[in-house]
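# A look at the structure
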Amino acid sequence: MHIDTLKNLAVDALEELKARDITQLDVSKLTEVTDLMLIASGTSTRHVSALAQNVVEKAKAAGLKPRGVEGGDNADWVLVDLGDVVVHIMLPEARVLYDLERLWADLPNDAGAIGESLKRFEERATMS
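Note that this is a predicted model, so its numbers are computed, not measured.

## Let's talk about the packing of aromatic side chains
Any pair of aromatic rings gets described here by the distance separating the centres and the angle formed by the planes. Under the definition given, this model contains one aromatic pair. Taking 4.8 Å as the distance between ring centres and 50° as the angle between the ring planes, the aromatic pair formed by Trp77 and Tyr98 counts as tilted. Taken together, the residues Trp77 in strand E4 (residues 77-81) and Tyr98 in helix H3 (residues 92-98) connect sequence positions 21 residues apart.

## Thoughts on unusual backbone geometry
Here Asp21, not a glycine, exhibits a phi torsion of approximately 50°, which is positive. Positionally, Asp21 belongs in strand E1 (residues 20-26). The backbone of Asp99 shows a phi angle near 45°, a positive value even though the residue is not glycine. A relative accessible area of 24% places Asp99 in the partly exposed class.

## Some details on the pairing of strand E5 (residues 85-90)
Most of E5 is tucked away: six of the six residues are buried. Burial along E5 is two-sided: the face carrying Val85, Val87 and Ile89 and the face carrying Val86, His88 and Met90 are both buried. The pairing of strand E2 (residues 36-41) with E5 spans six bridges and is classified as parallel. Paired with Leu36 across the two strands is Val85, which belongs to E5. By the bridge criterion, five bridges tie E4 to E5 in an arrangement that is antiparallel. Bridging across to E5, Val78 finds its partner in Ile89.

About the thresholds
- Residues numbered from 1 in each chain as written.
- Predicted model: local features only at pLDDT ≥ 70, side-chain atom pairs only at ≥ 80, totals over all residues.
- Heavy atoms only, no water.
- Phe/Tyr/Trp six-rings, centres within 6.5 Å; stacked < 30°, edge-to-face > 60°.
- Helix = DSSP H or I, 4+ residues; strand = E, 2+ residues; numbered from the N terminus.
- Buried < 20%, exposed > 50% of the residue type's maximum accessible area, 1.4 Å probe, protein only.
- Pairing = 2+ DSSP bridges.

Below, the structure written as structure tokens:
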């Protein structure tokens with residue numbers, strides 16, 4: 001599936017259930033894991049879970065099997081891996097704490113510096 005089609009599918013699924021503050025990050029030059037990250041906020045753990053489930057259902061309806069879902073019921077952060085697009089759905093507090101937008105925006109383009117930045121992120125994440 002073309003990445004723009006996949007992105008639109010995910011955004012539409014998020015908007016359908018009133019996700020807040022949907023942001024897209026092009027990380028294609030920073031990682032080989034995915035090309036695009038979508039980050040959205042939900043208003044409660046139930047809302048976060050429903051948003052993730054809607055993304056999964058819309059992807060399956062379009063003939064795409066998500067590679068994985070991390071998080072789940074009562075989670076403040078759920079990740080839906082659609083391959084070229086990874087969707088992060090978070091409570092606002094988790095979004096502020098992990099600040100993925102800044103993390104990915106601040107990453108340099110060389111592999112050594114990327115590894116160092118990710119190491120600092122992991123250290124920060126384990127402190128919480």
